[in-house]
Amino acid sequence: MSVRIAIIGAGIMGADHARLVAEDVPGAVLQVVCDASPERAKQVAEAHGAADAATDPFATLRRSDVDAILIASPDETHAPLTQAAIAAGKPALCEKPLSQNSAECLGVIEAEVARGRRFVQVGFMRRFDPSYREMKMALDDGFLGSAIMMHNFHRNVEAPPSFTGQMAITNSAPHEFDVVRFVLGTDYHAISVFQPAGVDASRTGAPVFMVLETQAGQLVNIEVNNNAAYGYDVRGELVGEKGSVFLNAPAPSRHNAALMAFERYAPDWRPRFAEAYRLQNKAFVNFVRTGLFSAIAADAWDGYCAAVAAEAGVEALEAGGRIDIRMAERPSLYRR
Ligand SMILES: NC(=O)c1ccc[n+]([C@@H]2O[C@H](COP(=O)([O-])OP(=O)(O)OC[C@H]3O[C@@H](n4cnc5c(N)ncnc54)[C@H](O)[C@@H]3O)[C@@H](O)[C@H]2O)c1
């Protein structure tokens, strides 16, 4: 039986998910494309052969011809929509973040615990990226010895004018908060956040430099620079006692010209993480079909952990200094 999926939010990410579901995820059917804009819903539904287009996300997720939901609407809609999916008894793949508010994440967790099972997979797709997987494998196999440090760089070409340093922490950095926890297999203990002085005031919104201390004692730095100008660039290096692993971005070709050799950068995240999105969505469809939650996918608890780190990060940005990261107790449903 095919899994009939409704996509909610058909913007940049939703349209990409619609394409993946329609063309690249065996066993999935693009049933409904729902967007607050009827024109956008219709356009994406037609482009990818969906059976229907809609504008009401809550009515869409309750439809009897919809088995599972893929939420790609703005951040503030994620918690209410995942709650509605759980109430309707339907699995949901929710784009990151689960919520920017950790209390809302706990609400989703409570709803799952009350029903005794997981419904929500959070779209922290970097866990499926082959370069992060190899990095994690090198640590788990003992090749690196114990992990000591992890360096992370998250650069976008240009942030929208209203994008603040706070948003770099609550909207961009959750990817790093999650994937570092995933690779290192530990939680955070504290966070400090800095912003560079002396940059052009009209472009100061994005750059933040974070230092996290893990419960296992490792140091983690995360640079988020959403006005990097030259391309979308995510880098990372895990440093262990016996060696290090550096992420390689997929580069299909190398150009030679004008006495130079160079590779091109993509303008945004979609080409860099294309394989990760595909594998993530396949894992979600497998979860819907079999009831077995992927061993590596992020769940609602992981969404909560990223939100707690982001909230502490915003506090550290505003107050200065080092902020402890305190978490609720993990319910047994989420122990792996
Ligand atoms: N995983 C990733 O790498 C990644 C990358 C970018 C964005 N995101 C996340 O994906 C989500 C969408 O981001 P985007 O860049 O595609 O945004 P976008 O603005 O391009 O698209 C959002 C769409 O949602 C629609 N919408 C707004 N409210 C709605 C509602 N209540 N019901 C239905 N549709 C609604 C809008 O009309 C718009 O078409 C965000 O939460 C963002 O944080 C994830």
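What counts, and at which threshold
Residues numbered from 1 in each chain as written. Predicted model: local features only at pLDDT ≥ 70, side-chain atom pairs only at ≥ 80, totals over all residues. Near = placed C-beta within 6 Å. Helix = DSSP H or I, 4+ residues; strand = E, 2+ residues; numbered from the N terminus. Nonpolar A, V, L, I, M, F, W, Y, C, P; charged D, E, K, R; others polar. Pairing = 2+ DSSP bridges. Contact = placed C-beta atoms within 7 Å. Axes fitted to C-alpha atoms, helices over the stretch in contact; angles between N-to-C directions. Expected span 1.5 Å × (residues − 1). Buried ≥ 20, exposed ≤ 12 C-beta atoms within 10 Å, placed from the backbone. Right-handed = clockwise from strand over helix to strand, strands pointing away. Core = buried A, V, L, I, M, F, W, Y, C linked by C-beta atoms within 7 Å. Domains from an automatic or database assignment.

Peer 1: Explanation requested: the site of the ligand in the structure shown.
Peer 2: In the vicinity of the ligand, 24 residues are found, and the nearest of them are G9, G11, I12, M13 and E95. Of all the elements, helix 1 (residues 12-23) adds the most residues to the shell around the ligand, at 3 residues. For the shell around the ligand, the class distribution of residues is 11 nonpolar, 8 polar and 5 charged.

Peer 1: Sorry, what's going on with the sheet that holds strand 15 (residues 298-299) here?
Peer 2: Within a sheet, each strand pairs with its neighbour through backbone hydrogen bonds, oriented either parallel or antiparallel. With mixed pairing, the 7 strands of this open sheet are ordered in space as 3-2-1-4-5-6-15. Each edge of the open sheet is held by one strand with a lone partner, namely strand 3 (52-54) and strand 15. Judged from the 6 bridges that link them, strand 1 (residues 3-8) and strand 2 (residues 28-34) form a sheet pairing that is parallel. Its bridge partner lying in strand 2, I5 is registered against L30. Sitting on the sheet, helix 2 (residues 38-47) is in contact with strand 2 and strand 3, with an inclination near 160 degrees to strand 3.

Peer 1: Even after reading the chapter, I still don't get helix 11 (residues 300-319), so can you show me in this structure?
Peer 2: An α-helix turns once per 3.6 residues; consequently, residues spaced three or four apart project the same way. With 20 residues, helix 11 extends 28 Å between its outermost C-alpha atoms, agreeing within 8% with the 28 Å of an ideal straight helix rising 1.5 Å per residue. Here helix 11 lies mainly inside the structure; 16 of its 20 residues are buried. One or two positions beyond helix 11, positive phi appears at G320, with a value near 75 degrees.

Peer 1: Help me understand the sheet that holds strand 10 (residues 219-225) in this model?
Peer 2: Taken together, 7 strands build an open sheet; the order of strands is 12-11-7-10-9-8-16 and the sheet is mixed. Every other strand in the sheet has two partners, leaving strand 12 (244-246) and strand 16 (322-324) as the edge strands with one partner each. Neighbour to neighbour, the strand axes of the sheet diverge by 15 degrees on average, direction disregarded. Packed on one face of the sheet, helix 7 (residues 165-172) meets strand 7 (147-155), strand 8 (188-194), strand 9 (208-214) and strand 10 and runs near 50 degrees to strand 9.

Peer 1: Would you take a moment to explain the pairing of strand 2 for this structure?
Peer 2: Regular strands show a simple pattern: their side chains alternate between the two faces of the sheet. Of all 7 residues that make up strand 2, 6 are buried, and the element is covered over most of its length. For the crossover that starts at strand 1, traverses helix 1 and ends in the parallel strand 2, the hand is right-handed. Each parallel crossover has a hand, and the one from strand 2 via helix 2 to strand 3 is right-handed.

Peer 1: What am I meant to see in unusual backbone geometry here?
Peer 2: Most peptide bonds take the trans form, and the phi angle of most residues other than glycine is negative. Following K96, the chain continues to P97 via a peptide bond in cis, the omega torsion being -15 degrees. Positionally, P97 belongs in the loop between strand 5 (92-95) and helix 5 (102-115). You will see that A229, though not glycine, has its phi angle at about 75 degrees, which is positive. The exposed category is assigned to A229, around which 10 C-beta atoms lie within 10 Å.

Peer 1: Can you walk me through the nonpolar core in this structure?
Peer 2: One recurring pattern in soluble globular proteins: nonpolar side chains tend to sit buried together. I7, A18, V33, Y304 and A309 are the most contacted members of the largest nonpolar core, which totals 103 residues. If you tally residues by element for this core, the top one is helix 11, at 13 residues. Of the domains in this structure, domain 1 (3-126 + 275-298) and domain 2 (127-268 + 307-324) are the two that each give at least three residues to this core. Not counting the four nearest positions on each side in its chain, V33 is found in contact with I7, A10, A18, A41, V44, A45, A50 and A53.

Peer 1: Can you walk me through the packing of helix 6 (residues 130-140) against helix 8 (residues 174-184) in this structure?
Peer 2: Helix-helix packing: each pair is described by the crossing angle between the helix axes and the interaxial distance. Viewed as axis vectors pointing N to C, helix 6 and helix 8 meet at an angle of 35 degrees, and their least axial separation amounts to 8 Å. Every residue of helix 8 that contacts helix 6 at Y132, M135, K136 and L139 is listed here: V179, F182 and V183. Taken together, the residues of the contact of helix 6 with helix 8 sort by class into 6 nonpolar, no polar and 1 charged.

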